[in-house]
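# Summary of structural features
Letter by letter, the chains look like this.
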Amino acid sequence: MTEPDVIELLIQRGTPAPFVDTTGTQYTYAGPHGQVRSTPDGGWLATMRVERQSPVASTYIVVGQRGDALDGPVEVFLIPDPEVNQQLTIYGAASGADGRIGWIEWSEATGFLPLALHLDDQRLLSRFDDIAGAPGWRWNQFNGVTLTENGGIFVSGVGLEPTIGNAQPTVANVGTGEMLLNGFDFVPGLSRRIAQIQSFRPSTDGLRWGAVVQTRATSQEAVIVDGELLELAPGFKALEGEPLPPSVAARIGEGTWLRFLSCHVNRGGDVVIEAQATAGGVFQALTLFNGSIACLGGECREVVQLTNDGALLTSRDGEFFGQASLITSAELVDADRDGVADPGYSDVNFLQPPSASASGAPIYFFSLFKEPDGTNRGGLFRTRSTNAGSTVCTAVPNSTGRRGSMMAVGSPVAVDSDLTLEVFGLPRNARGYALFSRALGTPFTPQGSEGTLCLGGAIGRLQTQLFLTGESGTAGIELDLNGLPQPTGSVAAIAGDTWYAQAWHRDLGLSGPTSNFTDAIEVAFD
């Protein structure tokens with residue numbers, strides 16, 4: 001059984017890569033090219049530079065693992081053209097979904113310009129090809145590609161407009177033949193055209209997207225979500241120079257927006273923005289979750305990912321975390337992937353933001369680290385799956401329009417007593433508590449509630465640890481596994497036990513105050 005606080009070393013610089021060229025020469029890993037990307041099934045892809053020493057040569061390959069084969073070896077998924085080595089390589093990070101891989105080609109012959117888009121081993125688009133859904137427009141350069149679950153192929157790059165052929169920033173979904181943004185468009189609701197597209201991110205199902213753009217002439221930054229200028233509250237636009245909305249001003253005082261750095265969306269309708277503002281003459285860095293402050297100043301350094309269930313994965317002071325700390329520089333390293341920490345590895349220092357497909361799924365990240373002999377190395381790591389439970393009963397939507405979710409973060413080993421319940425997708429500033437039982441019941445709606453209670457048998461309430469969701473609609477509940485509540489008193493969880501948990505929370509229905517429940521989860525203790 002894998003130790004819960006161990007991170008696996010998947011790839012190490014200088015070690016043999018799963019690539020042998022036509023001469024029979026084994027290549028070694030030289031380093032990453034672009035960020036590692038998780039795939040919707042819990043697997044991962046990474047573009048890696050590999051090299052040989054004699055004669056000196058290098059190329060790029062895409063390696064990774066499928067979600068159902070995480071215990072197996074690292075696989076090679078893509079070798080663009082091993083015969084020409086440096087003549088044809090991969091630009092940036094590859095993207096994967098539904099068993100497909102999208103990647104951008106660049107070549108030495110063209111001065112390493114990213115001039116073609118590939119889907120698996122087929123060239124999908126080349127420079128000067130038409131942009132589908134935009135008559136007269138043609139592609140001039142490809143900068144990034146993101147594949148989504150429903151066949152979406154989102155491409156960012158440079159397009160040539162049809163009048164005089166000027167180059168314009170462009171984003172299109174070539175899977176559906178739709179241009180989404182370009183430098184000839186006006187910012188929705190403004191009389192100013194787009195000068196730059198500074199960030200673009202679709203949801204994992206490809207049905208929603210968010211972008212940060214800069215306007216021409218005034219050089220204002222603005223946030224666009226699903227083709228519309230985002231309003232953070234009625235009448236309060238996500239536009240540089242505009243006043244802060246009431247929910248933000250209540251925390252930091254009245255002021256105006258200075259910058260917008262990124263916009264993340266998910267299929268559930270959540271929007272997370274990294275921004276900078278000035279209030280009372282004081283500079284403020286903040287992260288907004290659905291228009292309200294989720295992190296202020298040093299509470300969050302960088303938003304890494306917004307999961308579909310509303311969990312926010314961020315970085316701060318060398319850590320990556322959700323509600324609970326998930327990765328720190330003090331992690332134990334499993335170098336041979338046998339599930340047990342290997343002594344002497346230390347100083348895990350993050351090179352790039354990590355990637356995860358969902359709350360509780362494995363987290364992948366490139367990092368520097370120190371070997372037992374003191375040698376500094378670089379490598380690709382994977383955390384354990386942090387979800388110690390599984391969903392066994394689904395909640396009904398609450399007043400946010402989403403269902404409340406629950407996850408058990410930590411160790412399923414009872415004697416460790418290291419387990420935290422995290423809840424997501426709840427109303428803002430809602431109070432509640434966790435419920436526990438050794439049995440599931442027939443789901444029903446209790447009087448005075450609009451939700452579904454899934455637990456049966458003897459149900460205990462953890463009313464000594466009430467939670468408050470705050471502006472993000474999330475909360476964490478640290479458990480003492482030596483004292484889980486039951487109607488007759490506290491009971492210790494022991495190896496072999498199976499417990500069920502669910503959270504009750506206050507809500508506001510159409511007819512007034514009410515309550516609801518999260519999903520119910522099952523935790524089998526070792």
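Up top is the structure.
Residues numbered from 1 in each chain as written. Predicted model: local features only at pLDDT ≥ 70, side-chain atom pairs only at ≥ 80, totals over all residues. Heavy atoms only, no water.

## Let's talk about the packing of aromatic side chains
For the structure shown, the criterion picks out 11 aromatic pairs. With centroids separated by 6.4 Å and ring planes inclined at 75°, the aromatic side chains of Trp 137 and Phe 184 adopt a geometry described as edge-to-face. Note that Trp 137 is positioned in the loop between strand S11 (122–126) and strand S12 (138–147) and Phe 184 in the loop between strand S15 (178–182) and strand S16 (194–202), a separation of 47 residues in sequence. Among the residues examined, Trp 137 registers a relative accessible area of 8% and is labelled buried. Judged by relative accessible area, which is 34%, Phe 184 ranks as partly exposed. Judged by centre distance (6.1 Å) and plane angle (35°), the ring pair of Tyr 345 and Phe 369 falls under tilted. In this pair, Tyr 345 sits in the loop between strand S30 (332–334) and strand S31 (346–350) while Phe 369 sits in strand S32 (residues 364–370), placing the two residues 24 residues apart along the sequence. With a relative accessible area of 2%, Phe 369 lands in the buried category. Cluster of aromatic residues (ring-pair linked, three or more members): Tyr 345, Phe 365, Phe 369 and Phe 381. Across the ring face of Phe 184, the terminal group of Arg 193 is positioned such that the distance to the ring centre comes to 5.1 Å. (Phe/Tyr/Trp six-rings, centres within 6.5 Å; stacked < 30°, edge-to-face > 60°. Helix = DSSP H or I, 4+ residues; strand = E, 2+ residues; numbered from the N terminus. Buried < 20%, exposed > 50% of the residue type's maximum accessible area, 1.4 Å probe, protein only. Lys NZ or Arg CZ within 6 Å of the ring centre and 35° of its normal.)

## A few points about the nonpolar core
With 24 residues, the main nonpolar core has Leu 419, Leu 421, Phe 436, Leu 479 and Phe 525 as its most contacted residues. Only strand S35 (405–410), strand S36 (419–424), strand S37 (431–437), strand S42 (475–479), strand S43 (498–509) and strand S45 (520–524) provide two or more residues apiece to this core. Judged by nonpolar contacts, the second largest core, of 22 residues, contains Trp 257, Phe 260, Leu 286 and Leu 296. (Core = buried A, V, L, I, M, F, W, Y, C linked by side-chain atoms within 4.5 Å.)

## Thoughts on the state of the cysteines
Per the stated rule, a full pass over the model turns up 1 disulfide. Across a sulfur-sulfur distance of 2.0 Å, Cys 393 and Cys 454 are joined as a disulfide pair. Around the S-S axis, the bridge from Cys 393 to Cys 454 shows a dihedral of about -60° and counts as left-handed. Here the residue Cys 393 occupies a position in strand S34 (residues 390–393), and Cys 454 occupies one in strand S39 (residues 453–456), the gap between them amounting to 61 residues. Here Cys 393 matches Cys 454 in class, with each residue buried. (Disulfide = S-S within 2.5 Å.)

## What about the sheet that holds strand S25 (residues 292–296)?
Sheet strands line up and pair through hydrogen bonds in the backbone, either parallel or antiparallel. If you walk across this open sheet you meet the 4 strands as S22-S23-S24-S25, and the pairing is antiparallel. Where the open sheet ends on each side, the last strands, each with one partner, are strand S22 (255–265) and S25. Pairwise comparison of adjacent strand axes, ignoring direction, gives a mean angle of 30° for this sheet. Both strand S23 (residues 271–279) and strand S24 (residues 282–289) contribute to a ladder of 8 bridges, which runs antiparallel. (Pairing = 2+ DSSP bridges. Axes fitted to C-alpha atoms, helices over the stretch in contact; angles between N-to-C directions.)

## Brief notes about the pattern of salt bridges
Evaluation of the coordinates by the stated rule reveals 11 salt bridges. Here Arg 49 ties to Glu 51 by a salt bridge, and the two come within 3.4 Å at their closest N and O atoms. Looking at Glu 51, the relative accessible area reads 23%, which means it is partly exposed. Between Glu 75 and Arg 66 there is a salt bridge; the shortest N-O distance is 3.0 Å. The partly exposed category is assigned to Arg 66, whose relative accessible area is 42%. Through salt bridges that share partners, Glu 8, Arg 337 and Arg 382 make up one connected network. (Salt bridge = Lys/Arg side-chain N within 4 Å of Asp/Glu carboxyl O.)

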